Amino acid sequence: MSTSYYEEANMIRDDESGYASGESSHESLPEIVFSKAHLKFLNHQLAQLEPQDILRWCITSLPGLHQSTAFGLTGLVTVDMLSKLDGPLKSNIDLIFYDTLYQFQETLDLVEKVRQRYGNTIHVYKPRGCNTTEDFEAKYGKKFWDVDDEKYDYVAKVEPAARANSELNVKALLTGRRKSQGGKRGDLDIIEVTDSGVIKINPLANWSFAQVKEYVDANKVPYNDLLDRGYKSVGDWHSTQPVAAGEDERAGRWKGKNKTECGIHNPQSRYAQFLAQQQQHQETEELAQQLQKTVVA
């Protein structure tokens, strides 16, 4: 197909200006990058806004936006808020759900309720090469979380999350984390940037559990039936218990262990770091072999 005179003229103007725009002929544009000063400024500004306004900013400012969710209350509030934005900002962001194959049945039932209520596309990611619990246990054995907790987190959660980001071209990710959930989340910012460059946004970071529950009740947002049985934060059935009065919201997760996160929202786990080191070692050896062949030749 030939290029018209006007298209050629525009291409020349783009090249002569030295700038690229979203409509220009340049094959690529720089990814979004925040300096530390810019990130600090944005966090200060966004912390003063309501979650709906933070979500509006995300939709207009961040390409490749998705939402990762385990269908906890905060994530469900985010889905509902997005569905109620006005005009061109009304958006059903694609959801990403990491199915470890050890979810409560109540959680899986909720996934379908959300799909039917809001119509979002839900991308389900499971441990690589596994579709059922039987597949997983044939590969790793029974109660693998007791055998090697860090490796379990990696194969069941961290690796699927990284795979989802890569396959779905995720650039920015909405999460359901809040400061009031306790543990390492107490000093949470609205915006974070991961080691891999994914921008994570926590739009309800400054809300309390009471505010979240009030919104859920007022807007009749569907939620996990387990919450009516004393649970507040729901993960795998083997590592989740009801929460006692006065305990932190996530106190029922990994009870009795010195652990508050599964690795998805942490810097790389020790197991992931080990894998990265192994890969780097292999690449170094391959390079050395290639150099040796060059010298011999």
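Coordinates for the structure precede this section.
Given the structure is predicted, the values throughout are model-derived calculations rather than measurements. (Residues numbered from 1 in each chain as written. Predicted model: local features only at pLDDT ≥ 70, side-chain atom pairs only at ≥ 80, totals over all residues. Heavy atoms only, no water.)

Caption draft 1: Molecular detail of the nonpolar core. Counting 45 residues, the largest nonpolar core has Phe71, Val77, Ile191 and Ile201 as its most contacted members. Broken down by secondary-structure element, the contributors of at least two residues to this core are helix 2 (36-46), helix 3 (51-61), helix 4 (73-83), strand 2 (95-98), helix 5 (105-118), strand 4 (172-174), strand 6 (199-201) and helix 9 (209-219). The greatest single-element share of this core, amounting to six residues, is contributed by helix 4. If sequence neighbours within four positions are ignored, Ile201 has contacts with Ile54, Cys58, Leu62, Leu65, Ala172, Leu173, Leu174, Thr175 and Ile190. Leu101, Tyr102, Tyr154 and Val158 belong to the second largest nonpolar core, which has 11 residues in total. (Core = buried A, V, L, I, M, F, W, Y, C linked by side-chain atoms within 4.5 Å. Buried < 20%, exposed > 50% of the residue type's maximum accessible area, 1.4 Å probe, protein only. Helix = DSSP H or I, 4+ residues; strand = E, 2+ residues; numbered from the N terminus. Contact = heavy atoms within 4.5 Å.)

Caption draft 2: Looking closely at the sheet that holds strand 2. With respect to topology, six strands assemble into an open sheet ordered 3-2-1-4-6-5, the strand pairing being mixed. Here the strands that pair on one side only, and so sit at the sheet edges, are strand 3 (122-125) and strand 5 (191-193). Between one strand axis and the next, the sheet turns through 30 degrees on average, direction left out of account. Sheet topology note: the strand 5/strand 6 ladder contains three bridges and is antiparallel. Bridging from a neighbouring strand, Val193 pairs with Ile199 of strand 6. (Pairing = 2+ DSSP bridges. Axes fitted to C-alpha atoms, helices over the stretch in contact; angles between N-to-C directions.)

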